[in-house]
Every structure is written in C-alpha cells, then in structure tokens.
Amino acid sequence: MQYKQFDGRQLSMLGMGNMRLPRMPGSPSSFHGGAIDYGKAAEIIDYAMASGINYYDTSHIYAGSEEFLGQALSKYPRESYVLCTKYNAMGGQDFEKHFESQLERLKTEYVDVYMFQAVLNDQSADNYLNSGCIEYYQQLKKEGKIRYLGFSSHAPASTLKRFAAAHPWDMAMVQINYFDWAFAGADEQYQILNGLGIPITVMEPLRGGRLASLSEAPSKLLKDFHPDWSFASWALRWLMGLEGVQVILSGMSAMEQIIDNVATFANFSPLSAEEEAVLAEARDLLRGEIVVPCTECDYCLENCPEQLDIPQMMKAYNDLRIHSWAMSAPITNKLREMEKTPADCTACATCLEHCTQAIDIPGIMEELAGRMEQRRRH
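Residues numbered from 1 in each chain as written. Predicted model: local features only at pLDDT ≥ 70, side-chain atom pairs only at ≥ 80, totals over all residues. Heavy atoms only, no water.

**Student:** Looking at this model, I keep getting lost on the overall build of the protein. Mind explaining?
**Tutor:** The helix and strand tally for the protein stands at 16 helices and ten strands. Relative to the compact-globule value of 21 Å for 378 residues, the protein shows a C-alpha radius of gyration of 21 Å, a close match. Principal-axis analysis of the C-alpha atoms gives the protein an extent of 65 × 50 × 45 Å. A fraction of 75% describes how many contacts in the protein between residues 6 or more apart in sequence connect residues 24 or more apart. Counting every atom, the protein has about 16300 Å² of accessible surface; 49% of that belongs to carbon and sulfur. (Helix = DSSP H or I, 4+ residues; strand = E, 2+ residues; numbered from the N terminus. Rg over C-alpha atoms; globule rule 2.2 N^0.38 Å. Contact = heavy atoms within 4.5 Å. Areas by Shrake-Rupley, 256 points an atom, 1.4 Å probe, with all protein chains shown as cover.)

**Student:** Teacher, can you tell me more about the layout of surface pockets here?
**Tutor:** Taking a probe equal in size to a water molecule and rolling it over the atoms shows the remaining empty space. When its volume is computed, the largest pocket comes out at roughly 830 Å³. Taken together, 46 residues line the largest pocket, and the ones lying closest to its centre are Met 19, Arg 20, Glu 204, Gly 208 and Gly 251. The set of elements that each furnish at least two residues to the lining of the largest pocket consists of strand E6 (111-119), strand E10 (245-250), helix H11 (255-264), helix H13 (299-303) and helix H14 (310-322). Here the lining of the largest pocket gets four residues from one element, more than from any other, and that element is H11. Its residues assigned to classes, the lining of the largest pocket shows 18 nonpolar, 17 polar and eleven charged. (1 Å grid on protein atoms, 1.4 Å probe; cavity = no way out; pocket = protein on both sides within 12 Å on 5 of 7 lines; lining within 4 Å. Points joined across faces, edges and corners; volume = space filled by probe spheres on them. Nonpolar A, V, L, I, M, F, W, Y, C, P; charged D, E, K, R; others polar.)

**Student:** Explanation requested: the packing of helix H10 (residues 231-240) against H11 in the structure shown.
**Tutor:** Two measures define how a pair of helices packs: the angle their axes make with one another and the distance between the axes. In contact at an axis separation of 10 Å, H10 and H11 are set at 40° when each is read in the N-to-C sense. Classed by the angle they form, the pair H10 and H11 counts as oblique. Here H10 runs over H11; the crossing is right-handed. Contacts between H10 and H11 involve Ala 232, Ser 233, Leu 236, Arg 237 and Met 240 on the former and, on the latter, Asp 260, Asn 261 and Thr 264. A per-class count over the contact of H10 with H11 returns three nonpolar, three polar and two charged. (Axes fitted to C-alpha atoms, helices over the stretch in contact; angles between N-to-C directions. Parallel < 35°, antiparallel > 145°, perpendicular 65-115°, else oblique. Left-handed = near helix turned anticlockwise from the far one by under 90°.)

**Student:** Would you mind showing me how to read the packing of helix H2 (residues 65-72) against helix H3 (residues 95-106) here?
**Tutor:** Two elements in contact, H2 and H3, have axes whose closest approach is 7 Å; the angle formed by their N-to-C orientations is 45°. When the interaxial angle is binned, H2 and H3 end up oblique. For the pair H2 and H3, contact is made by Glu 66, Glu 67, Leu 69 and Gly 70 and by Gln 102, Arg 105 and Leu 106, respectively. When grouped by side-chain class, the residues that make up the contact of H2 with H3 number two nonpolar, two polar and three charged.

**Student:** Mind showing me how you'd approach the nonpolar core here?
**Tutor:** Generally speaking, a soluble globular protein has its nonpolar side chains buried in company with each other. Counting residues in each nonpolar core, the largest one holds 81 residues, and the members touching the most others are Tyr 56, Phe 116, Tyr 137 and Ile 176. With eight residues, the top contributor of residues to this core is H10. Tyr 56 has contacts with Met 16, Asn 18, Ile 45, Ala 48, Met 49, Leu 69, Leu 73, Tyr 81, Val 82, Leu 83 and Cys 84, leaving out every residue within four places of it along the chain. Judged by nonpolar contacts, the second largest core, of 20 residues, contains Val 292, Leu 335, Leu 368 and Met 372. (Core = buried A, V, L, I, M, F, W, Y, C linked by side-chain atoms within 4.5 Å. Buried < 20%, exposed > 50% of the residue type's maximum accessible area, 1.4 Å probe, protein only.)

**Student:** Hey, could you run me through the environment of Tyr 110 in this one?
**Tutor:** Here Tyr 110 shows up in the loop between H3 and E6. For Tyr 110, a relative accessible area of 12% corresponds to the buried category. For the pair Tyr 110 and Ile 53, spaced 57 residues apart in the sequence, the C-alpha separation amounts to 19 Å. Setting aside its immediate chain neighbours within four residues, Tyr 110 contacts Arg 78, Glu 79, Leu 103, Gly 144, Lys 145 and Arg 147. Looking at Tyr 110, its side chain comes within polar contact range of the side chain of Glu 79, at 2.6 Å. (Polar contact = N/O pair within 3.5 Å; in protein donor to acceptor, adjacent residues only side chain to side chain.)

As structure tokens, then:
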C-alpha cells in the first residue's frame, strides 16, 4: 500500500468509501435506504485493514454506514485507522446534538476528520458559514473530539473559492476523475484547493462506477495498450499523478473491487505521458456517451416526493441520446415497466436542491416522458 504524509502521520493513498457498501438481497438498492449486508461488508473492511488501508470515510446520511463501521472497526486499535464522517446541513439535524450521536454509532471518543458535507452552491455555502455550526465544531476540535476539520464540495469554482478561503481548513473533498478534469471543471477546483495549500481527498474517482465499465470503443483502446489493467486501475493511476491529492476514496462494494484497487496501489505508478495520451483518446470517445453527468449518488431519489428512480432514468436518458431511434424501443419499454415513470414527475424541483451535479432533472423527465409517448404512438 502506498502512503502520503499528513501532519506527521502516514495516510494510505487508497481510502475506503462507505457510501456504497453491499446491501442485503431484497432490500432497496439505494445506499440511503437498503440494509447493509454486514457479512459481506465486514469482509471488505477486514481485507482493507489487512492490506494497509487506514482511511475510512462515512456520513450519517449513508443509511446504516456509521453503525456498521462502528462495529466493523471496533476490533482494531483506534489509532490504527483514520475515521472521517460529516455533518450535512440539508439533513435537518441539530448540529449541537448531532455529533454525540455520531460518536455513539461509531463507537469512538473522537473523529479524526470531520467534514461539512455537500457544499453545492452559494445558498448551501452560506447555510454553513452563517449558522454557527462551523464555530461549534471548531470548539469541539479544541476539545480534542475532532482532530481535523474539512468540507466536501460539488459547488462551482466561484463558490468553492469563497468557501475554501473562509476558514483555515485541514482538508477538502472534491470530485476529480479524468473525465471531469476535461469536461466538468475538476481541474479548476483542484487548482483552487492546491493554491490554498488544502490537502485534497478525492471522491468519485470512477464517477459512480461509470469509468470502471466502458463501452467497446474506449475499452478496446485501453485493453490493447494494457491487457492486464482494469479500467478502474487506469482511472486511479491517473489520479496518482496529481500533486496535493492526499487520499483517493473508492466506494468498494465487492471483494473483487477492493482486491483490484489494492493491487493498483501496491506501487506508486502514475501514468506515463504515453499512457495519458491513450487515456485521453478513450476519454474523448466516452464523452459522447455521458450526456447527463449523473453519478448515481441517489440524493435526488431520497428526497423525491414521488419516489422516482431518478438515477436509473438518467441512465436511460443517456442510452437514448447515444442510440438511434430504431434502438430506443427496449429502453422506453424498460422505463414503462418501472413502478413510477418519468411522466409521474410533478416538476416540484425538490431534486434540484440535492443534485450534486446540477442536472436539470425536471427538464429531462419531461423530455423522457415525451420520448416515451412518441414511441408509444409509433
């Protein structure tokens, strides 16, 4: 396992994200509602610890994740791992009471890294900056209940710059991957944090798994160059080359994923110039397939009054946009088979408050419903 120095301590470059833990069969697929399969999830944590991963990220809004980690990590010495959890202002929690309940769930007396979660726009930034929660948690840091304070952001560059400069942060988490670097401004966000000297934790290095499963054309390019590399390995090695990246989080939900990722981090092996050129070519081919940048984070699903399976509908929308009209019938038929369809969207716009990618979900639902009706008439 590769490590980087952080405040006199070695942190594993590969961190364990606990948002996408395996769920029990028959439970809701959403990580916000499905019951965690403790047996399978514990195997992953044990493998992570045995492999030298010492950074574990969670949040109270990842259903059952804090409770699970509290149990799974309790058999290990507390100083053998770094624990990161978060406060989410949109969760409606009383921040003065919230932290103690997190300590109970995590079975710990302190949290190593505590983050203000999901700075999405100026409004959410101001919610944090003006509510008193930052000052409250700064006091907890003085008391030793929190060691480091940070934040996670999906905000545009202007908001990120303002929020990042507002306090002396110990760490920041942003979405960086080779696709978003070229097409979604991740490079600018990286430069802002690097310029301020704030260590970076990377989330969504595989864009919710999208970069781990490629279509035929980009797949062939990468496999022809490195037949033994997984697509995930390409993405993670690309991130290794970014100065200032402290930890790369991966939401590993199956043993084969963590085995592959641990193998990637067995050596420090960022991409060569030739490998970067091949990946850039594959990335450009992929650009035509990702019309809507949904990462299947499920925040919209959790907050939708109609309980539409928005992530699956976004996936269908991407498929419709890249396939010919003649190929669209199977996709629209699959949408019709859902319990709720895009036509059930009331355009209440609740989803827009929670979407980390700033997608016009109501507009896409309207377009999908129109495509389905048009296909039905034919």
